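Structure at a glance
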Amino acid sequence: MKTVIINKKDNVGVCLDGSDKIPAGHKYALRAIACGEYVIKYGEIIGRATQDIAEGEWVHTHNVRSHLDENVAYRYEFNAATLTKGKASFMGYKREWGRAGIRNEIYIIPTVGCVNNVCIRLANEIKPYITGSIDGVYALTHQFGCSQLGEDNENIKKLLCSIALNPNASYVLFVGLGCENNGMDGIKETLAPYKRKNIEYFNCQDVEDEHAYGMEILKGFIEKAKGLEREEVDFSELCIGLKCGGSDGYSGLTANPLVGKITDRVVALGGSAILTEVPEMFGAEQLLMNKCKDAQVFEKYKKMIEDFKAYYTKQGFPVYENPSPGNKKGGITTLEEKSLGCIEKAGSTEIVDVLAYGEQVKEGGVSALNAPGNDLIAATALAASGCQIVLFTTGRGTPFSTFVPTMKIGTNNNISSFKGGWIDFNAYSMDEDGLFDLLQKTVNGEYLCKSEDVREIAFYKTGVTL
């Protein structure tokens with residue numbers, strides 16, 4: 001049986017190849033563990049034994065439970081690595097209004113789901129006109145924009161506006177109906193301070209032929225975008241999103257630590273990275289708090305965690321309503337175990353900022369973003385905050401992509417070969433230079449992620465729909 005022990009403090013190891021009694025990616029006891037005793041992995045507590053566990057025995061949900069304390073008191077003890085700074089560049093599309101894009105794309109954004117079909121038809125009808133360096137015209141459809149109230153309505157407006165600000169969008173067309181809660185006036189007011197000249201708007205109820213009207217705008221966009229060329233851009237203009245989904249027992253051993261190394265390299269070169277999935281920080285949040293660059297960032301981070309926990313309990317759910325059935329099948333037993341593997345994506349460097357949902361990234365380094373763990377909601381939030389690309393690690397596999405290139409990084413050999421049509425890189429190799437090279441090629445436009453033909457968005461919604 002091929003195994004690995006992550007930390008010398010651990011009392012469990014991981015079975016890599018599987019056996020008759022222990023599935024691949026699952027844990028086994030390194031010594032006898034008494035009922036009630038802590039189970040240790042990554043050098044941290046991942047749960048308590050619910051019965052006596054013999055040396056060599058399978059350790060999983062049948063004999064371990066979460067040890068999370070919903071009322072834990074947090075402290076701040078700074079502990080982050082210092083990186084050696086360097087310089088690098090990539091070939092991107094320079095923007096007069098901010099950071100460079102890694103794609104030359106046109107977005108069609110409905111303010112409300114009622115006009116989804118109009119946006120889809122426009123995106124399809126404009127395809128024959130796409131030429132030059134344009135990478136694509138995409139309708140970013142969704143089902144909301146009307147009948148949402150209060151914070152939900154504000155969040156939908158904020159996120160759609162943030163999507164329009166992504167550096168990959170050379171031009172953006174907002175299409176409204178004209179009678180929705182998420183009206184065009186609110187969209188325009190939110191975007192006015194940015195003084196963007198690359199965004200146009202119209203309501204379908206205000207024009208006789210919405211298709212002809214929209215096509216004329218899109219043809220004008222194409223005429224201006226087709227001649228854009230890639231130029232050398234400093235790495236400080238790159239922001240990567242960090243996300244994992246369909247995690248398994250290998251996630252914290254291979255893909256997430258490997259992405260953490262890439263995060264450190266991007267930050268050392270002056271770039272940015274954003275970590276989200278707040279519920280998948282529970283059980284490991286203190287480790288991230290200790291990486292906050294100062295007490296002010298720590299307080300923002302602590303408030304984000306406490307507010308999210310309060311949201312859970314207000315709804316009547318425990319904060320440890322996780323991991324998912326797929327996670328458990330892959331070898332993850334408790335939320336603490338999942339979280340400790342999840343945060344590896346942030347690397348070893350300090351956390352420089354904490355972002356509200358829909359807020360734009362402001363600083364080089366790692367920022368934490370307030371968003372849930374749901375794959376499409378979290379990935380959309382990352383891209384809306386300014387990430388030009390999302391690095392998505394997975395042990396179970398998934399074909400989805402948000403509205404920016406979403407690179408799938410497999411945690412194990414099986415998923416990477418079996419789902420070769422989904423997976424861009426096999427992290428089981430732990431080839432840091434190989435993954436960084438693929439990132440560079442993707443950013444330069446020399447490689448297209450296998451899911452780039454899929455462009456989807458989703459919102460974080462918590463309230464009433466009328």
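Our structure is the block above this text.
Here is a short report on the structure shown in this document.

About the thresholds
Residues numbered from 1 in each chain as written. Predicted model: local features only at pLDDT ≥ 70, side-chain atom pairs only at ≥ 80, totals over all residues. Heavy atoms only, no water. Helix = DSSP H or I, 4+ residues; strand = E, 2+ residues; numbered from the N terminus. Rg over C-alpha atoms; globule rule 2.2 N^0.38 Å. Buried < 20%, exposed > 50% of the residue type's maximum accessible area, 1.4 Å probe, protein only. Contact = heavy atoms within 4.5 Å. Pairing = 2+ DSSP bridges. Expected span 1.5 Å × (residues − 1). Axes fitted to C-alpha atoms, helices over the stretch in contact; angles between N-to-C directions. Parallel < 35°, antiparallel > 145°, perpendicular 65-115°, else oblique. Left-handed = near helix turned anticlockwise from the far one by under 90°. Nonpolar A, V, L, I, M, F, W, Y, C, P; charged D, E, K, R; others polar. Core = buried A, V, L, I, M, F, W, Y, C linked by side-chain atoms within 4.5 Å. Arc of directions from axis to C-beta. Salt bridge = Lys/Arg side-chain N within 4 Å of Asp/Glu carboxyl O. Phe/Tyr/Trp six-rings, centres within 6.5 Å; stacked < 30°, edge-to-face > 60°. Lys NZ or Arg CZ within 6 Å of the ring centre and 35° of its normal. Polar contact = N/O pair within 3.5 Å; in protein donor to acceptor, adjacent residues only side chain to side chain.

**Considering the overall build of the protein chain**
Within the protein chain one finds twelve helices and 21 strands. For 466 residues, the compact-globule estimate of 2.2 N^0.38 gives 23 Å, and the protein chain sits close to it at 23 Å. Overall, the protein chain is about 75 × 45 × 45 Å in size when its C-alpha atoms are taken along their principal axes. For the protein chain, the residues scored as buried account for 57% of the 466 residues in total. When contacts within the protein chain are restricted to residue pairs at least 6 apart in sequence, long-range pairs at least 24 apart make up 72% of them.

**Description of the sheet that holds strand β2 (residues 12-15)**
Sheet architecture is open: four strands sit in the order β1-β2-β3-β6, paired in antiparallel fashion. Each end of this open sheet is capped by a strand with a single partner; those strands are β1 (3-4) and β6 (58-59). Looking at chain direction, strand β3 (residues 27-29) and β6 are connected through two bridges and run antiparallel. Counted as the bridge partner of lysine 27 is valine 59 from β6.

**With respect to helix α12 (residues 432-443)**
Since the α-helix packs 3.6 residues into each turn, any two residues three or four apart lie on the same face. If you check α12, its first and last C-alpha atoms are 17 Å apart, about what twelve residues at 1.5 Å a residue would give, namely 16 Å. Along α12, the positions that sit buried rather than exposed are Gly434, Leu435, Phe436, Leu438, Leu439, Gln440, Thr442 and Val443. Among the structural elements, β8 (89-95), β15 (239-244), α5 (255-268), β19 (389-394), β20 (406-410) and β21 (425-426) are those in contact with the buried residues of α12. Just downstream of α12 lies glycine 445, where phi reads positive at about 85°.

**So, the packing of helix α1 (residues 116-125) against helix α4 (residues 210-225)**
Two packed helices can be described by the angle between their axes and the distance between those axes. Contact geometry of α1 with α4 gives a least axis separation of 10 Å together with a crossing angle of 50°. By the angle between their directions, the pair α1 and α4 is classed as oblique. As for how α1 packs across α4, the hand of that crossing is right-handed. Note on element contacts: α4 touches α1 through Glu210, His211, Gly214, Met215 and Leu218, opposite Val118, Arg121, Leu122 and Glu125. Class assignment of the residues belonging to the contact of α1 with α4 gives a composition of four nonpolar, two polar and three charged.

**Observations concerning the pairing of strand β9 (residues 98-101)**
Bridge count between β8 and β9: two bridges; the pairing is antiparallel. Note on β9: the bridge partner recorded for arginine 95 is glycine 98. Once β8 ends, the chain turns through two residues before running back antiparallel as β9.

**Brief notes about the nonpolar core**
Side chains of a nonpolar character, in soluble globular proteins, are inclined to be buried together. Phe174 and Tyr301 are the most contacted members of the largest nonpolar core, which totals 110 residues. In contact with phenylalanine 174, other than residues within four places in its own chain, are Ile109, Thr111, Leu160, Cys161, Ala164, Met184, Ile187, Leu191, Ile199, Glu200, Tyr201 and Phe202.

**Brief notes about helix α3 (residues 184-191)**
Residues Met184, Ile187 and Leu191 constitute the buried set of α3. Angular distribution of buried residues about the axis of α3 spans 60°; they occupy a single face of the element. Set apart from the buried face of α3 by more than 90 degrees, the exposed residues are Asp185 and Glu189. Where α3 is buried, its residues meet α2 (150-164), β12 (169-176) and β13 (199-203).

**Quick notes on the pattern of salt bridges**
Taken as a whole and assessed by the stated rule, the structure comprises 27 salt bridges. Of the charged contacts, one joins lysine 27 and glutamate 337 as a salt bridge, the two residues approaching to 2.9 Å between their closest N and O atoms. Of the two residues, lysine 27 sits in strand β3 while glutamate 337 sits in helix α9 (residues 335-342), which places them 310 residues apart along the sequence. When sorted by exposure, lysine 27 lands in the same class as glutamate 337, which is buried.

**Structural notes on the packing of aromatic side chains**
This model, assessed by the stated rule, comprises 17 aromatic pairs. With a centroid separation of 5.8 Å and an interplanar angle of 80°, the aromatic rings of tyrosine 357 and tyrosine 460 are classed as edge-to-face. Here the residue tyrosine 357 occupies a position in the loop between β17 (351-355) and β18 (365-369), and tyrosine 460 occupies one in the segment after α12, the gap between them amounting to 103 residues. Following the ring pairs from residue to residue traces out a cluster consisting of Phe282, Phe308, Tyr311, Tyr312, Tyr357 and Tyr460. Across the ring face of phenylalanine 436, the terminal group of arginine 265 is positioned such that the distance to the ring centre comes to 4.2 Å.

**A few points about the environment of threonine 402**
Within the secondary structure, threonine 402 is located in the loop between β19 and β20. Accessibility expressed as a relative area gives 0% for threonine 402, which makes it buried. For the pair formed by threonine 402 and arginine 65, sequence separation is 337 residues and the distance between their alpha carbons is 34 Å. Beyond its immediate stretch of four places on either side in the chain, threonine 402 contacts Leu376, Ala379, Thr380, Ala383, Val390, Val454, Arg455 and Glu456. Separated by 3.4 Å, the side chains of threonine 402 and threonine 380 make a polar contact. Engagement of the side chain of threonine 402 in a polar contact is seen with the backbone oxygen of glutamate 456, the distance being 3.2 Å.

It is worth stressing that arrangement in space is one thing and function is another; only the former is reported here.
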